[in-house]
There are 2 protein chains.
Amino acid sequence: MATTSNGHEHVTTGEHAYTHAHEHEHEHQQRQAVVRRLKRAEGHVAAVRRMVEEGRGCPDILIQLAAVRAALDATAKIVLADHVQSCLHDAQQNGDTEAAWGDLSKALESFIR
Amino acid sequence: MATTSNGHEHVTTGEHAYTHAHEHEHEHQQRQAVVRRLKRAEGHVAAVRRMVEEGRGCPDILIQLAAVRAALDATAKIVLADHVQSCLHDAQQNGDTEAAWGDLSKALESFIR
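Notes on the structure follow.

**Notes on the overall build of chain A**
Thinking step 1. Across its full length, chain A carries 3 helices and 2 strands.
Thinking step 2. Going from N to C terminus, chain A has its helices and strands arranged as β-β-α-α-α.
Thinking step 3. Long-range contacts, defined here as pairs at least 24 residues apart, represent 41% of the contacts in chain A between residues at least 6 apart.
Thinking step 4. Of the accessible surface of chain A, which amounts to about 6,300 Å², a share of 51% is contributed by carbon and sulfur atoms.

**Points about the interface of chain B and chain A**
Thinking step 1. Counting from both sides, the interface comprises 42 residues of chain B and, opposite them, 42 residues of chain A.
Thinking step 2. Taken over both partners, the interface formed by chain B and chain A buries close to 4,100 Å², and the fraction arising from carbon and sulfur atoms is 68%.
Thinking step 3. Connecting chain B to chain A are 4 salt bridges.
Thinking step 4. With a closest N to O distance of 2.9 Å, B:Arg49 and A:Glu42 form a salt bridge.
Thinking step 5. Viewed at the interface, chain A and chain B are joined by 6 residue pairs in polar contact (both at pLDDT 80 or more).
Thinking step 6. Broken down by element, the side of chain B that touches chain A gets its largest block of residues, 15 residues, from helix H2 (residues 58-94) of chain B.
Thinking step 7. Partitioning the side of chain B that touches chain A into residue classes produces 23 nonpolar, 6 polar and 13 charged.

**Topic: the side chain of A:His83**
Thinking step 1. Topologically, A:His83 is positioned in helix H2 (residues 58-94).
Thinking step 2. Those residues in contact with A:His83, other than ones at most four positions away along the chain, are A:Asp103, A:Ala107, B:Cys58 and B:Pro59.

**Description of the packing of H2(A) against H2(B)**
Thinking step 1. One can describe the packing of H2(A) onto H2(B) by two numbers: an axis separation of 10 Å at closest approach and a directional angle of 165°. Considering their axes alone, H2(A) and H2(B) lie roughly antiparallel with respect to each other. By crossing handedness, the relation of H2(A) to H2(B) is classed as left-handed.
Thinking step 2. Looking at the contact of H2(A) with H2(B) residue by residue, the class counts come to 20 nonpolar, 2 polar and 4 charged.

**Structural notes on the relation of the copies chain B and chain A**
Thinking step 1. When chain B is fitted to chain A, the residual RMSD is 0.0 Å, and the transformation amounts to a turn of 180° plus an axial shift of 0.0 Å. The transformation relating the two chain copies, once decomposed into turn and shift, fits a two-fold axis. The rotation axis passes nearest to the C-alpha of B:Glu42 in chain B, at a distance of 2.7 Å.
Thinking step 2. Of the interface residues in chain B, 100% have counterparts in chain A that sit at the interface too, so the contact is made through matching surfaces.

**Remarks on the packing of helix H3 (residues 97-111) of chain A against H2(B)**
Thinking step 1. In contact at an axis separation of 7 Å, H3(A) and H2(B) are set at 10° when each is read in the N-to-C sense. The orientation of H3(A) relative to H2(B) falls into the category roughly parallel. Contacts between H3(A) and H2(B) involve A:Lys106, A:Ala107, A:Ser110 and A:Phe111 on the former and, on the latter, B:Cys58, B:Pro59, B:Leu62, B:Ile63, B:Leu65, B:Ala66 and B:Arg69.
Thinking step 2. Among the residues making up the contact of H3(A) with H2(B), the classes are represented as 8 nonpolar, 1 polar and 2 charged.

Quick notes on the rules
Residues numbered from 1 in each chain as written. Chains lettered and ligands numbered in written order. Predicted model: local features only at pLDDT ≥ 70, side-chain atom pairs only at ≥ 80, totals over all residues. Heavy atoms only, no water. Helix = DSSP H or I, 4+ residues; strand = E, 2+ residues; numbered from the N terminus. Contact = heavy atoms within 4.5 Å. Areas by Shrake-Rupley, 256 points an atom, 1.4 Å probe, with all protein chains shown as cover. Buried area = accessible area lost by both parts, 1.4 Å probe. Salt bridge = Lys/Arg side-chain N within 4 Å of Asp/Glu carboxyl O. Polar contact = N/O pair within 3.5 Å; in protein donor to acceptor, adjacent residues only side chain to side chain. Nonpolar A, V, L, I, M, F, W, Y, C, P; charged D, E, K, R; others polar. Axes fitted to C-alpha atoms, helices over the stretch in contact; angles between N-to-C directions. Parallel < 35°, antiparallel > 145°, perpendicular 65-115°, else oblique. Left-handed = near helix turned anticlockwise from the far one by under 90°. Least-squares fit on C-alpha atoms with pLDDT ≥ 70 in both.

Such coordinate-based values are descriptive only and should not be taken to indicate function.
In structure tokens form, the structure reads like this:
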């Protein structure tokens, strides 16, 4: 554990310690929620795979695939919202809206096709 | 293993033998491909989860979530195409386009919001 200047704790995981300028406390706040959602999505995809192996009907499989997609989209929305918040926080701290916008537009372009 | 009248092998998995009227050879043709794709998607979601745990940047995570979504959509397209083919095959065999359309529209409604 290391404590940053703003008092938030940074959990270091092995060699992936937080050394980047773009790691923010906002991302930390939602991280465990995102990890939990992704674990659920893994289990859901595995369940759909078993349905296919068992010869379940196509409409049932499509309903479940649509549900997984919706769950992943909801997770991406949380990741993006966290990032937007941290970019805004940075802009406020540094007065550098140009850098914040660059950071933000990169994230948006990553996800929205 | 049992062999159907049309010469396609039916692999029975425990109690989930093919006893339904809506199991067609078209679904069998793509089943293994769909299972392989879903296994890859499981691994991909697990990899994204590890990225989040390791504190990787938001744009990288969003790129990977978009890639998983695209892979699941491609898989759903295969499941749907298989189903459309088997519905058309049924309609041709039975001359019952009404039933084939009912079957098909149910599948389409399952996936397309």
